[in-house]
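# Commentary on secondary and tertiary structure
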Amino acid sequence: MEKKAGFAKPEALTDALTHYCPGCTHGIIHRLIAEVIDELGIREITIGIAPVGCAVLAYNYFNLDFAEAAHGRAPAMATGLKRVQPDKVVFTYQGDGDLAAIGTAEIVHAASRGENITTIFINNAIYGMTGGQMAPTTLPGQVTTSTPFGRDVKLAGHPLRVAELIATTSGAAYVVRRMVTKPATIASAKKAIKLAFQAQRAELGFSLVEILSSCPTNWGLSPLEALEWVEENMASYYPLGDYKVIDEVKSLK
Amino acid sequence: MAKILMKGNEAIAEAAIRAGCEAYFGYPITPQTELLEYMSRRMVELGRVFLQAESELSAINMVYGAACAGARVMTSTSSPGFSLMQEGISYIVCSEVPAVVINVMRGGPGLGNIQPSQGDYFQMTKGGGHGDYNVIVLAPATLQEAIDLTILAFDLADKYRSVATIIADGMIGQIMEPVELPEIEPPKRPEQPWALTGAKGREKNIITSLYLGGPNLEKVNLRLQETLEEIKANEVRYAEYMLEGAEIVVVAYGTAGRIAQTVVQEAREEGIPAGLFRPITMFPFPYDRLDEVAKSVEHLLVFELNAGQMLEDVRLATRDRLPIHFYGKMGGVVPSPAEVLAQIKKIASPQQGER
């Protein structure tokens, strides 16, 4: 029954035409979030916060109250929104440049405070919107427009593993990494997103779902090749898994 | 109502609480830290939101978030922290949500020092962050005025859906004075159909400062400028002291304005026809009134705790039609009334010689 219903457009999505590139996985993840919001019946109490980056226009696609944050500051903005209306569901949708470079302080401290918000973190190992520069998550040796000879970790530093980092904070309740490359991984990602929102509803603290995503345009690969690249190259550096699941979240399952 | 003795930073904090401030986000920095400390106790006692942020960047973006929800919200900081908040203030102004920011200025540039200064005048009155905008800037010269202007700041922020600031300095923040705290009814705030409260029974609300495509942003720019014109038309405030028969008028604000009042009084006692024009709103600046005042006087003496920032607005107001003298002290140095009086005497002496 649920599968059949899944083919209808979720109420939490609008009819807006997408601006995302062909083969980009943002669309899949938007859809998963919207399905979860519908299933939990929280559309009318949920407020989203869009980042700076490819998802800057996410508010056009979600049929929800939405704010657009300054680059990296979404977790701070979410904190303000949530603290003055704790009965609402507040989530940020952030890419790797936004969350893991310019906004590192904001995400670490929101997690550390146990801010009762949810973050959906899109890791595609590159800056998409500005045209393919090195991200904090760019893999060693990966060629980008600002690492034309491949990322040399001696010069450009090492990629940051966000889920592992956030899992060390005491305020985090639920921190996992997933990918959206084929039906099985997509279903697993959806379950994680749902649990993250449920954790917030149960007031258990900070939740983050990191999702390995593809960027065919800036990687210079076809959509299918890009999904293979996620599985072959990204998932080995960024292992999928549950990095922190507190007991109260486990009992939500 | 009985007067009580309060420290400036605490008086501003209590005024904000009485104005119905629902949420405060801040970061410790001298000389405004007592404001944050006061809020950390009182806001929690009252069941309101207090949060010490990890930086001024985060504090202003927490303010932005709470403002988007329609809460009465404020932050406070001092000069280096105010610099860090410029990004957020620019976003808040473009998003047209109300917020209050207190800047208890200290010496700069750089880390500077923690002494009183008015070095942030340009930053506060001319925009401060990126893009075309101004914020409302209120300059208290006494603690009573700091209280009254803080309460006013919340109402102005609401009325114009913009950022209202208090331009205070370390002196206002740190001194103690007897003050009267008004009992205020719960604030009557404008409706907020734009607030992000969940799209229940209505279309979704979006709060953004992104307007792709030239004409789209231009429309917002023009609306913001219209609001600024309204603010200029409605909100100009200033104080005048001993202007009758004055030939030398000191133009000063905040702590400098307070010192200048003593100086003018002393000058008068010595037979020098001095007066004081003290702008209270630094934005909107009282250009027209100052121009009018300047028509019947011989000299203006601009006195600031900086290298001459408001000086430019005084020259703009008067188009340099009369001699404009400047006396300024930087580095957190606050001159005594005698030092400022000496400046007035320097201007007055040829005239006195004629008499």
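These figures come from a predicted structure and were not determined experimentally.

### Brief notes about the interface of chain A and chain B
In this complex, chain A contributes 28 residues to the contact, which on the side of chain B involves 33 residues. Only strand E1 (46-50), strand E2 (65-68), helix H3 (74-84) and helix H5 (104-112) of chain A provide two or more residues apiece to the side of chain A that touches chain B. Here the side of chain A that touches chain B gets eight residues from one element, more than from any other, and that element is H3 of chain A. As paired strands, E2 of chain A and strand E9 (residues 206-207) of chain B are joined by two bridges and run parallel to one another. Across the sheet, phenylalanine 66 of chain A pairs through a bridge with isoleucine 206 of chain B, a residue of E9 of chain B.

### Some details on the environment of isoleucine 122 of chain A
Residues and elements named next belong to chain A. With respect to the helices, strands and loops of the structure, isoleucine 122 is situated in strand E4 (residues 118-123). The class of isoleucine 122 is buried, set by 27 C-beta atoms lying within 10 Å. Along the chain, isoleucine 122 and alanine 189 lie 67 residues apart, while their C-alpha atoms are 12 Å from each other. For isoleucine 122, the contacting residues outside a window of four places in its chain are His26, Ile29, Ala55, Gln94, Gly95, Asp96, Ile211 and Ser213.

### Some details on the domain arrangement of chain B
Residue and element names in this part refer to chain B. For chain B, the assigned domains read domain 1 (4-234) and domain 2 (239-354). For domain 1 and domain 2, the distance between their C-alpha centroids amounts to 29 Å. Counting residues at the interface gives 28 residues for domain 1, matched by 22 residues for domain 2. When residues of the side of domain 1 that touches domain 2 are traced back to their parent elements, those giving at least two are helix H6 (121-125), strand E6 (136-138), strand E7 (163-169), helix H8 (170-174) and helix H9 (214-234). No other element matches the four residues that H6 contributes to the side of domain 1 that touches domain 2. Of the residues in the side of domain 1 that touches domain 2, the class split is 16 nonpolar, nine polar and three charged.

### Focus on the sheet that holds strand E3 (residues 89-95) of chain A
Sheet architecture is open: eight strands sit in the order E7(A)-E5(A)-E6(A)-E4(A)-E3(A)-E1(A)-E2(A)-E9(B), paired in mixed fashion. Either end of the sheet is taken by a strand with one partner, and the two such strands are strand E7 (241-245) of chain A together with E9 of chain B. Where H3 of chain A meets the sheet, it contacts E1, E2, E3 and E4 of chain A, and its direction lies at approximately 175° from that of E3 of chain A.

The rules behind each value
Residues numbered from 1 in each chain as written. Chains lettered and ligands numbered in written order. Predicted model: local features only at pLDDT ≥ 70, side-chain atom pairs only at ≥ 80, totals over all residues. Contact = placed C-beta atoms within 7 Å. Helix = DSSP H or I, 4+ residues; strand = E, 2+ residues; numbered from the N terminus. Pairing = 2+ DSSP bridges. Buried ≥ 20, exposed ≤ 12 C-beta atoms within 10 Å, placed from the backbone. Domains from an automatic or database assignment. Nonpolar A, V, L, I, M, F, W, Y, C, P; charged D, E, K, R; others polar. Axes fitted to C-alpha atoms, helices over the stretch in contact; angles between N-to-C directions.

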